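# Fold and contact review
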Amino acid sequence: MGAFVESSLINGEKVECSATISWFSQFWYFVWAAILVITVVPPIILIILAIINVATTELAVTNKKVIGKAGFIRRASIDMPLSKLESINIEQGIVGRIFGYGRVSIRGIGGNQVSIPFVKSPMDFRRVVMNLIDQKTA
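Residues numbered from 1 in each chain as written. Predicted model: local features only at pLDDT ≥ 70, side-chain atom pairs only at ≥ 80, totals over all residues. Heavy atoms only, no water.

Pairing between the strands of a sheet is mediated by backbone hydrogen bonds and can be parallel or antiparallel. Read across the open sheet, the four strands follow the order β1-β2-β3-β4; overall the sheet is antiparallel. The two strands at the open ends of the sheet, each matched to only one other strand, are β1 (15-19) and β4 (76-81). For this sheet, the mean angle separating the axes of adjacent strands, direction not counted, is 10°. (Pairing = 2+ DSSP bridges. Helix = DSSP H or I, 4+ residues; strand = E, 2+ residues; numbered from the N terminus. Axes fitted to C-alpha atoms, helices over the stretch in contact; angles between N-to-C directions.)

And the structure:
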């Protein structure tokens, strides 16, 4: 669990599930880095971009809310109570389905929406969130 999620917790709140970025989603950065080895462009830049993508993306659900952020320079973040959550959508292409990652889009009441790309096992994350919401309403 990352620093953003830790710093967003309130009293009595515990993390129920956290999601990470799949290294497979960064595949093309490594492919291009290998191709660029024979050119003048330093491939280390692409490898650094892949590492930054994985290291700066956090997504978690607690017993009270969904917390997440994506991005290093340009950041998209969410800190939404479960009671204000309207929907969680998952987008997966064929490569994402094969390697087990996808984009998680979280929409809150009032139209707030944040998309976190390349989340590992996005269906499992959605299932945990939906179970927590169901427990709160039961």
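Enumeration over the complete set of coordinates arrives at four salt bridges. Among the ionic pairs, K14 bridges to E16, the shortest N-O distance being 3.8 Å. The partly exposed category is assigned to E16, whose relative accessible area is 34%. Put simply, K65 and D79 hold a salt bridge, and the shortest N to O gap is 3.2 Å. Here D79 lies in strand β4 and K65 lies in strand β3 (residues 65-70), a separation of 14 residues in the sequence. Residue D79 is classed as partly exposed on the basis of its relative accessible area, which comes to 42%. When salt bridges with common partners are traced through the structure, they connect E13, K65 and D79 into a single cluster. (Salt bridge = Lys/Arg side-chain N within 4 Å of Asp/Glu carboxyl O. Buried < 20%, exposed > 50% of the residue type's maximum accessible area, 1.4 Å probe, protein only.)

What follows deals with a nonpolar patch on the surface. Residues F24, I94, V95, I98 and F99 make up a contiguous nonpolar surface patch of roughly 530 Å² in combined accessible area. Locating I94 in the fold gives a position in helix α4 (residues 94-99). (Patch = residues over 30% accessible without salt bridge, like charges linked within 9 Å, V, L, I, M, F, W, Y side chains within 5 Å. Areas by Shrake-Rupley, 256 points an atom, 1.4 Å probe, with all protein chains shown as cover.)

Glancing now at helix α3 (residues 44-55). Because each turn of an α-helix spans 3.6 residues, side chains separated by three or four positions end up pointing in the same direction. Taking 1.5 Å as the rise per residue, α3 with 12 residues should run 16 Å; its terminal C-alpha atoms sit 16 Å apart, in good agreement. Taken together, the buried positions of α3 are occupied by L46, A50 and V54. Around the axis of α3, the buried residues are gathered within 75° of arc, so they sit on the same side. Residues of α3 that are buried make contact with α2 (27-36). (Expected span 1.5 Å × (residues − 1). Arc of directions from axis to C-beta. Contact = heavy atoms within 4.5 Å.)

On to the pairing of strand β7 (residues 113-120). Alignment of strand β6 (residues 101-108) against β7, held across six bridges, turns out to be antiparallel. Each bridged residue has a counterpart across the sheet, and for I106 the counterpart in β7 is V114. Where β6 folds back on β7, the antiparallel hairpin that results is connected by four residues, among which G110 adopts a positive phi of roughly 95°.

Across the six residues that make up β3, a large majority, six, are buried. Both faces of β3 are covered, namely the face carrying K65, I67 and K69 and the face carrying V66, G68 and A70. Examined bridge by bridge, strand β2 (residues 58-62) and β3 share four bridges and lie antiparallel to one another. Following the sheet pairing, V61 is matched in β3 by V66. Hairpin connection of β2 to β3: two residues between the antiparallel strands. Bridging between β3 and β4 involves six bridges; their strand directions are antiparallel. Each bridged residue has a counterpart across the sheet, and for I67 the counterpart in β4 is D79.

The next point concerns the packing of α2 against α3. Their axes nearest at 8 Å, the elements α2 and α3 cross at an angle of 165°. With respect to their mutual orientation, α2 and α3 come out roughly antiparallel. Crossing of α2 against α3: the hand is left-handed. Contact residues: Y29, F30, W32, A33 and L36 in α2; L46, I47, L49, A50 and N53 in α3. Residue classes in the contact of α2 with α3 are distributed as nine nonpolar, one polar and no charged. (Parallel < 35°, antiparallel > 145°, perpendicular 65-115°, else oblique. Left-handed = near helix turned anticlockwise from the far one by under 90°. Nonpolar A, V, L, I, M, F, W, Y, C, P; charged D, E, K, R; others polar.)

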